[in-house]
Amino acid sequence: MPVRRVLAVFAALLAAVGLATPAAAGDRHGGGLAGQHSLRSPVTDESFYFVMADRFANGDTGNDQGGLGADPLVSGFDPTKKGFYNGGDLKGLLSRIDYIRGLGTTSIWLTPSFKNKAVQLEDGPSAGYHGYWITDFTQIDPHLGTNQDLRALIDAAHGRGMKVYFDIITNHTADVIGYEGSARRGYVSKDAVPYRTAAGAPFDDRDYAGKASFPALSPATSFPYTPVLDPAEQNLKVPAWLNDVTLYHNRGDTTFVGENSYYGDFFGLDDLFTEHPRVVAGMTDIYKTWIRDFGVDGFRIDTMKHVNDEFWQKFGPEVLDYAHRHGKREFFMFGEVFDTTKSFTSHFTTADKMQAVLDFPFQDAARGFASRGQAAGQLATFFAGDDWYTDADSNVYQLPTFLGNHDMGRIGHFVTTDNPGAGDTELLARDRLAHELMYFSRGNPVIYYGDEQGFTGAGGDQNARQTMFASQVADYLGDDLLGTAATHAQDNFVAGHPLYQSISSLAALTRAHPALRDGAQVHRYAADGPGVYAFSRLDRRDQREYLVALNNSEQAQTAAIPTYAAGRGFQRLYGNGPAHIKSTADGALTLTVPALSAVVYAMDGRVPGSKAAPKVTITGAAPADGARGRMHVTADVAGSSFYEVAFYAQTGNGQWRPVGVGDNPPYQVFGDVSDLRAGTPVRYKAVVLDNRDHTATSAARTAAVPAPLVSIETPTEGSRVRGSVEVRAVVDPERATHTVAFERRIGGGAWTPIGSDTTSPVYTVFDQLPADVAADTPIEYRATVREPNGTTATSQVRRVRSAGPQATVATLHYLRPAGDYGDQDTGWGLHMWGDAVDPAVLAQVAWDNPWPWTRIEGGWAEYEIPLAQDTQPVNFIMHLPAGDSVPDTREPGGDRSFLPINSPEVWIVQGDPTVYTSRPPA
């Protein structure tokens, strides 16, 4: 075990028995509160390799069909199709484990490897090669091997000093449950049809989430649809409790919006009733078993944001405690929260008590910097928000960072599509720059398998799941790979590939200089536009400053970058530049960073020691923007060296409790006050710890917990409405005890109550507008939340207008400046889906037969779309027949849509993903 991990474990053990670590012991001027070091958990220095077992290496062709026979629609095996099993397995992974280790990998992260429903005919059809359609949580999928194969892989990894992480699912299982009348149904909200007990009494499940008092349920009375099982599948799932249909939400398919994001089936996948204590206990037991019996080192958790808070607050701590008691002191879990807003993603590591989440905000920022050439200052703004994750037991240094994945697509795809016309040299440089940013900045870097071989792909999902072994998939064979003349028609395990070499060298450098992996990260410099972004990394023990400078412009850039030491020598560790350089009298280091590259310099010796602790002042304590259940507390330190600032909070006359520690400016925390009632006073103090263990404490500052914030989600501002209008609101922080009342007024008249709702987490009423409301009449809505203690808060007013008659046709205008639309039979057309479009039209539309243009007017192609209902979105893709290559045969922007009731006429332009509601300049 590395020394730093030994120290981390030792510190954790001391904390567990109530003893102070050395950092906490010094309180020379602290006024009773101790200075603290910024937390480093045992897992802040991993390098992950994320791999889809079916797409990596085929070590045993005998398991390709999973023992199900030769028919691909039964076995799921068809190596010519990207949506079916292609043949990779655990033995293949084992045979190539040293290739993975050669990248500097410390942890292998496997996509879900449990037994799957091999084929879902309703979905394509396609197969469960990805692992997310689980039927048996106790065994490895036969296409991938056996439980013994997994044991051999884990043992081999452990023997090489590597860990193995499982990708796990708690939100859903395979699609086995159907509903009376149809296998898949549209979502029915809790407001329209509430849950009912087995005796028929309505109830809100959130009032009982995770509690032993959860009501008994019955398939016949409790759900909006009656769940049914095919007789052949009544005992399909393992463990057996998963075959109880009352342990699922049974509300129909999600649209990933509002309430149904928690309760709906993902494209038919059976959505578990995670509020039910039996589900919580069952899932916890399943994953404890894999820890106990196989020595799994951690979990990546799928679809975390679609599961209720109470589940995570129970599951996370219990599984972690179990792992610790079974000798897994470095056991680590991180969740998938597909969102780029830190105020939201951090909720799962603070209020929900989980260790970490995948850093989707980092992926977005890294792509913006390295691939899109955005201003360097955007990185400064991004990293300044890292303290959203800071609390007493976790922080941003634990987050796994990544550049692309199996859902959204590869970094090679992003740099290619973001830089049309760029040559391989530039694309390779941008790809490498993204990896340099990921390895040198905070967090645990994740390599998505194949990225080290320059894989690109045509997009996300199946288009980003190429095989490392020679492929037979026609779509993959057409991909260009970066940095090589190789294709997917051959094996791609080339240790000499320039990206493999770059990633390996980055891992080696950060291993040799641990401060570059999990040292404090301090912002230093950001150019006004594209150019140099620089930061320092510093280990609190060694006190040696490392300066990292990255340049995302296409020309070399020079910058004077501050450091902690004047007149001090620095030696180059990475990149191109002088071997040695010296800081000026004011501590600046002038560096010239080559185009699309990075340099790293290390200080000679330690940062000068502080003679006394500087003054620290709490400068603010107010509700955080973007999260009403968090208090934004800021501190100012009167000095310019390396400091760590610990924040403490006191409620009433209670004890001062630690909130979190920041180790770089701006010194701040976003303390969780979601469990406190509005108006509760909270006092805050800050204790600064300098680099020689001197401390100083601020005066206290008091703030009051604010009232909750209620916001109307729908209808959208400025939209048009008619008939029955869904009015939906959310409350922050969310509590099951809230009641939300809704009002409406028409044309500036009096406010009129239209209903109330107590069913969390989303509050909904349906307003029936009078039939005689004239078109374009202003209509306003507002919502008021009431808490049991009488606290109320009212939303901002949502303003809409009444719509005219139902639109029967929508028109989409498409501009190709060259006018190369092709003819109506073989030219650019619309692939469409959804309830808005006339079913007769949808019956004619296929991927090889898109809806054609109606006419060409003024250089624009016009597509007239007959409608069934204008209140639903028209979903579309613009492409050539059967074309799926951006930008040559398919327009960028992925799946796009517009709402005809608001905009029956829209415009799109070649190469621009925006859907315009008014004609843009040609």
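## Looking at the overall build of the protein
For step 1, the next point in the chain: A tally of regular secondary structure across the protein gives 18 helices and 48 strands.
For step 2, the next point in the chain: For the protein, whose C-alpha radius of gyration is 29 Å, the value lies close to the compact-globule estimate of 29 Å for 922 residues.
For step 3, the next point in the chain: When the backbone C-alpha atoms are referred to their principal axes, the protein occupies close to 80 × 70 × 60 Å.
For step 4, the next point in the chain: The proportion of buried residues among the 922 residues of the protein is 57%.
For step 5, the next point in the chain: For the protein, long-range pairs separated by at least 24 residues make up 70% of all intrachain contacts whose partners lie at least 6 apart in sequence.
For step 6, the next point in the chain: Accessible surface for the protein amounts to roughly 34000 Å². Of this, 51% is attributable to carbon and sulfur atoms.

## Observations regarding the environment of Thr752
For step 1, the next point in the chain: Topologically, Thr752 is positioned in strand S37 (residues 752–757).
For step 2, the next point in the chain: Since its relative accessible area comes to 35%, Thr752 is described here as partly exposed.
For step 3, the next point in the chain: Separated by 29 residues in the primary sequence, Thr752 and Tyr781 place their C-alpha atoms 9.4 Å from one another.
For step 4, the next point in the chain: Excluding anything up to four places from it in sequence, Thr752 contacts Phe742, Glu743 and Arg744.

## Quick word on the sheet that holds strand S26 (residues 627–637)
For step 1, the next point in the chain: Reading across the sheet, the three strands line up as S25-S26-S29 and stay open at both edges, with antiparallel pairing between neighbours. Pairing within the sheet leaves two strands with one partner each, and these edge strands are strand S25 (616–624) and strand S29 (667–672). Averaged over all adjacent pairs, the angle separating strand axes in this sheet is 20°, with direction ignored.

## A word on the pattern of salt bridges
For step 1, the next point in the chain: In total, this model carries 54 salt bridges according to the counting rule given.
For step 2, the next point in the chain: Measuring nitrogen to oxygen at the nearest pair gives 3.9 Å for the salt bridge that ties Arg184 to Glu122. One end of the pair, Arg184, is in the loop between strand S8 (178–179) and strand S9 (195–196); the other, Glu122, is in the loop between strand S4 (119–120) and strand S5 (126–127), and 62 residues separate them in sequence.
For step 3, the next point in the chain: A relative accessible area of 49% places Glu122 in the partly exposed class.

## Considerations on the packing of aromatic side chains
For step 1, the next point in the chain: Tallying each qualifying case throughout the model produces 51 aromatic pairs.
For step 2, the next point in the chain: Consider the rings of Phe214 and Phe273, whose centres lie 5.4 Å apart with planes at 85°: the pair is edge-to-face. Residue Phe214 is found in the loop between strand S10 (202–203) and strand S11 (227–228), and its partner Phe273 is found in the loop between helix H7 (260–263) and helix H8 (277–294); the two are separated by 59 residues along the sequence.
For step 3, the next point in the chain: Under the relative-accessibility criterion, Phe214 is labelled buried at 9%.
For step 4, the next point in the chain: Residue classification places Phe273 among the buried residues on the basis of a relative accessible area of 0%.
For step 5, the next point in the chain: An angle of 10° between the planes, with centres 3.9 Å apart, marks the rings of Trp388 and Phe670 as stacked. Of this pair, Trp388 sits in the loop between helix H12 (377–384) and strand S15 (400–401) while Phe670 sits in strand S29, and the two are 282 residues apart along the sequence.
For step 6, the next point in the chain: On the basis of relative accessibility, which here comes to 9%, the residue Trp388 falls in the buried class.
For step 7, the next point in the chain: Taken together, the ring pairs in this structure connect Phe114, Phe137, Phe166, Tyr287, Trp290, Phe294, Phe299, Phe311, Trp312, Phe315 and Phe331 into an aromatic cluster.
For step 8, the next point in the chain: In this structure, Arg96 is placed above the aromatic ring of Phe493, and the distance from its NZ or CZ to the ring centre is 3.8 Å.

About the criteria used
Residues numbered from 1 in each chain as written. Predicted model: local features only at pLDDT ≥ 70, side-chain atom pairs only at ≥ 80, totals over all residues. Heavy atoms only, no water. Helix = DSSP H or I, 4+ residues; strand = E, 2+ residues; numbered from the N terminus. Rg over C-alpha atoms; globule rule 2.2 N^0.38 Å. Buried < 20%, exposed > 50% of the residue type's maximum accessible area, 1.4 Å probe, protein only. Contact = heavy atoms within 4.5 Å. Areas by Shrake-Rupley, 256 points an atom, 1.4 Å probe, with all protein chains shown as cover. Pairing = 2+ DSSP bridges. Axes fitted to C-alpha atoms, helices over the stretch in contact; angles between N-to-C directions. Salt bridge = Lys/Arg side-chain N within 4 Å of Asp/Glu carboxyl O. Phe/Tyr/Trp six-rings, centres within 6.5 Å; stacked < 30°, edge-to-face > 60°. Lys NZ or Arg CZ within 6 Å of the ring centre and 35° of its normal.

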